[in-house]
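These are the residues of each chain, in order.
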Amino acid sequence: MGFDYALVHIKYTIPPAVLLTFLYRPLFTRLDIYKIGFLITVAVVSTIPWDSYLIRHDIWSYPSHVIIGPTVFDIPLEEVFFFVIQTYNTSLLYLILSKPTFQPVYLRSEKLVGHSHDPKPSQWPYYKLLGQLFFTAIIVTSALMINTGQEATYAGLILVWATPFLLLLWTFAYQFILGLPISNTAIPIALPTLYLWIVDTLALKRGTWVISHGTTFGYHLWDGLEIEEALFFLMTNMLIVFGQLAFDNALSILYTFPNLFPDPPTLPSPSLLVRALLVPASKYDPDRIRGLQDAVSRLKRKSRSFFLASATFQGQIRTDLLLLYSFCRVADDLVDDAPSQEEASLWIERMRAFLQTAYESEKSDTCPEEYVRKNFPPSVHSALLQLPITKVSRKPLDELLDGFDMDLAFSNKLSDHPIKEEADLDLYAQRVAGTVALMCIALILHDYKSILSKDDRARVLDAGNRMGIALQCVNIARDIAVDAEMGRVYLPTSWIASAGLSYQSVLKTPHGTRIEKLRSKLLDKAFLLYEDSRGAIEALPIEARAPLRVAVESYMEIGRMLRQEGYEVKAGRATVPMCRRLSVAWRALNHL
Ligand SMILES: CC(C)=CCC/C(C)=C/CC/C(C)=C/CC/C(C)=C/[C@@H]1[C@@H](COP(=O)(O)OP(=O)(O)O)[C@]1(C)CC/C=C(\C)CC/C=C(\C)CCC=C(C)C
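Just so you know, these numbers come straight off a predicted model, no measurement behind them.

We note that aspartate 58 has phi near 60 degrees; this positive angle belongs to a residue other than glycine. Residue position: aspartate 58 is located in the loop between helix 2 (30-56) and strand 1 (60-61). Given the relative accessible area of 52%, aspartate 58 is considered exposed. For histidine 591, which is not glycine, the phi torsion reads 55 degrees and is therefore positive. Positionally, histidine 591 belongs in the segment after helix 23 (578-589).

To continue, consider the packing of aromatic side chains. Under the defined criterion, the tally for this structure stands at 28 aromatic pairs. When the centroid spacing of 5.7 Å and the interplanar angle of 5 degrees are considered together, the rings of tryptophan 50 and phenylalanine 232 count as stacked. Linking tryptophan 50 in helix 2 with phenylalanine 232 in helix 7 (residues 227-256), this pair joins segments that are 182 residues apart in sequence. Taking the relative accessible area as the measure of exposure, phenylalanine 232 reaches 9% and is therefore buried. Ring centres 6.5 Å apart and planes at 35 degrees place the aromatic pair phenylalanine 327 and phenylalanine 354 in the tilted group. Residue phenylalanine 327 is found in helix 11 (residues 316-336), and its partner phenylalanine 354 is found in helix 12 (residues 341-359); the two are separated by 27 residues along the sequence. Take phenylalanine 327: its relative accessible area is 1%, and that puts it in the buried class. Judged by relative accessible area, phenylalanine 354 falls into the buried class, the value being 2%. Ring-pair connections join several aromatic residues into one group, and the members of that group are Trp50, Trp60, Phe82, Tyr154, Trp161, Phe232 and Phe233.

A few words on a nonpolar patch on the surface. Taken together, the side chains of Met1, Phe3, Leu7, Ile10, Ile14, Val18, Ile68 and Phe81 define a hydrophobic patch exposed on the protein surface, amounting to about 740 Å² of accessible area. Among the elements that make up the nonpolar patch, the one with the highest residue count is helix 1 (residues 4-24) (4 residues). By secondary structure assignment, the location of valine 18 is in helix 1. Among the residues examined, valine 18 registers a relative accessible area of 53% and is labelled exposed.

What counts and how
- Residues numbered from 1 in each chain as written.
- Predicted model: local features only at pLDDT ≥ 70, side-chain atom pairs only at ≥ 80, totals over all residues.
- Heavy atoms only, no water.
- Helix = DSSP H or I, 4+ residues; strand = E, 2+ residues; numbered from the N terminus.
- Buried < 20%, exposed > 50% of the residue type's maximum accessible area, 1.4 Å probe, protein only.
- Phe/Tyr/Trp six-rings, centres within 6.5 Å; stacked < 30°, edge-to-face > 60°.
- Patch = residues over 30% accessible without salt bridge, like charges linked within 9 Å, V, L, I, M, F, W, Y side chains within 5 Å.
- Areas by Shrake-Rupley, 256 points an atom, 1.4 Å probe, with all protein chains shown as cover.
- Salt bridge = Lys/Arg side-chain N within 4 Å of Asp/Glu carboxyl O.

This is the structure:
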C-alpha cells in the first residue's frame, strides 16, 4: 500500500479542478451539471472494461507500493478517479472557453447554397464523409496493429477503443467540430493534453505507473513520455471535447428550430438529444440561422454592455434575448436614422401593422412574412420575422412604439416638447425601456418554466419596469450632447428652467456646469430606482440571476463612470473600458 498515485491527484489533478470550479462557479447551471455528469458516466462505463483488459494483459501495471489498495475490475481506485477528474477538468475548461461563442449560428443547413439562379450543393456532406472515412481507416489500421501484436499492441488498443466513439461523435457533430472557433475545439483539447503529458512524464519517471516494454514502439515524444502515453491523453481529451460538442450541437438544434422542437425542456433527456442530432441538416431552417447570425452581429456592433451580458446566459434564453434585442434595435434605428419626421412616422406605422399581422395572423389576409418583405428593407427582415412572439405579449411592443412616437414629438417649439415634467420622463422611459425589461422577464419566466405566485410576479415585473427606467435615465444622462445634435432634449423642461437654462440653450450648448448639475440629478434618480429594484432579480429563476446582474451592472457602470469626480464626457459617448467592464461582470456574477 502507498500513496504515490493518490499524490498525483492531490498535486496535479485536484488543484486545476478547484481552480476551474472557482472560475466557472457563478455560471454553473443545472444543465452544466447534467452535461458533465452524463459525460463522466459515459467515460467511466466505457473505460473500465478497456482499462481492466489492459491491466489484466500486463500492458500497464501499478506496483503495489504506489496505490492505496481497493480496485474495480483490477483497476486501482485512483485510476477510476482519474477518468472522473480528467473528464471534469477538460469539460470545465471547454465550458469556460466556449462561453463567449453563441454556437447555434454555426449550424449549417445543408441545402443548396449560393444565389437562387446558380445554386451549388453544400460542401458539408463531403466533409462529413471524409471524416468518417478517416476514422474508419484508423479503426481498421488499429485492428491490424493489434493483430500483428508486439510493439504495435498498446497503440492499437488505444486507437481501436477510442476511434469508434470518435467516429460516432463526428457523425453527429461534424458541423461543430469543424466549424466552431478553435477556442471551442482545438484549445480545450490541446491545453489539458499538454498538461497531462507533463504529469504523465513525472508519474512514469517516479514509477507511479509502469508501461510494459514489449507492447510499445519505444518512441518518445520527449524524454520520459512514450508516444503511446501521449496518444492516450490526446485521444481521451478529444473524446471529452467531442462529447461536449455533440451535446451542445444537440442543444443548439433543440433551441434553434421551434418548427422541429416546439417547446424543448430545460434538461432534455438523452433520447431527445439523440433525436435532435438525427435530424438531417437539410431540415434546418436557413432563415432562422441567418436571423440569429444577424442578431449576434447587430448586438456585437451596437452594444458592448449587452454583448458581454448575453455571453453569460445559456441555452434557449440566450437565443430569445438576442432575437428580442435585434427587434428592439432595428425598431429604434429605423426611427432614429430616418431622414425626416414623416419617414420615421411611416416606419412606426409599418411596425404597428407588422405587429398586427404577426399577432393576429389568423384574422389577417396578409401573412407577416409577406408584409415584412413588401414594406421593410431586406437588412431588417430577419429581426422582425424572428421576434419570439409566442413568448412575449403584444402590449409591451405596442408601448415601445408609443415611446418612439414620443421621440417624434420633439420640435423646435417648446410647447411641443413631449417631456415637460418628471412624470413625462418616467412615462417615456417606461415606454422605451420599462417595456424592454418586462419582455426580458417574460422570456426568462417562460424559458425556465418558472411559476411565480401572482403577487411575486407582479412585484418582479414592477421592479423590472423601474430598473428599465433607471437604465434609460443613464442612457439619457450619457447622451445629452448626442441627443441635442439630433434636436432632442430628454431632460424635463421643468428641470431645465429651474437650472436657469432654456430648451434652446441646451440644444445649442449641451455642456457646462449647469448641464452637469442636471446630469447628476438624472443619475441620482437612476441610482435610486436601481437600488430600489435590484433585489427583485433574486426572485427570478436561479440560472438567470447572475446573467441579469451582469446586464444591469454593465449598463449602470456607465452611470458610475459619469458620476466620477472630474469625469468629462468628451466627443461622442462615454464608454466603459474593457478591463473595468470585465471586473464589473466578475463582481456581478459573484454577487460581490
Ligand atoms: C443580455 C441581452 C442580450 C439583453 C438584451 C436586452 C434587450 C432586449 C435590450 C434592448 C435594447 C434596445 C435596443 C431597446 C430599444 C429602446 C432603447 C434604445 C432602450 C435603451 C437601451 C439602451 O441601449 P443602447 O445604449 O444600446 O441604446 P442607444 O445606443 O442609446 O440607442 C435602453 C437603456 C433600455 C435597456 C433596458 C433593458 C435592457 C431592461 C433591463 C432590465 C431588466 C433586464 C430587468 C431586470 C429585472 C429586475 C427584476 C430588476
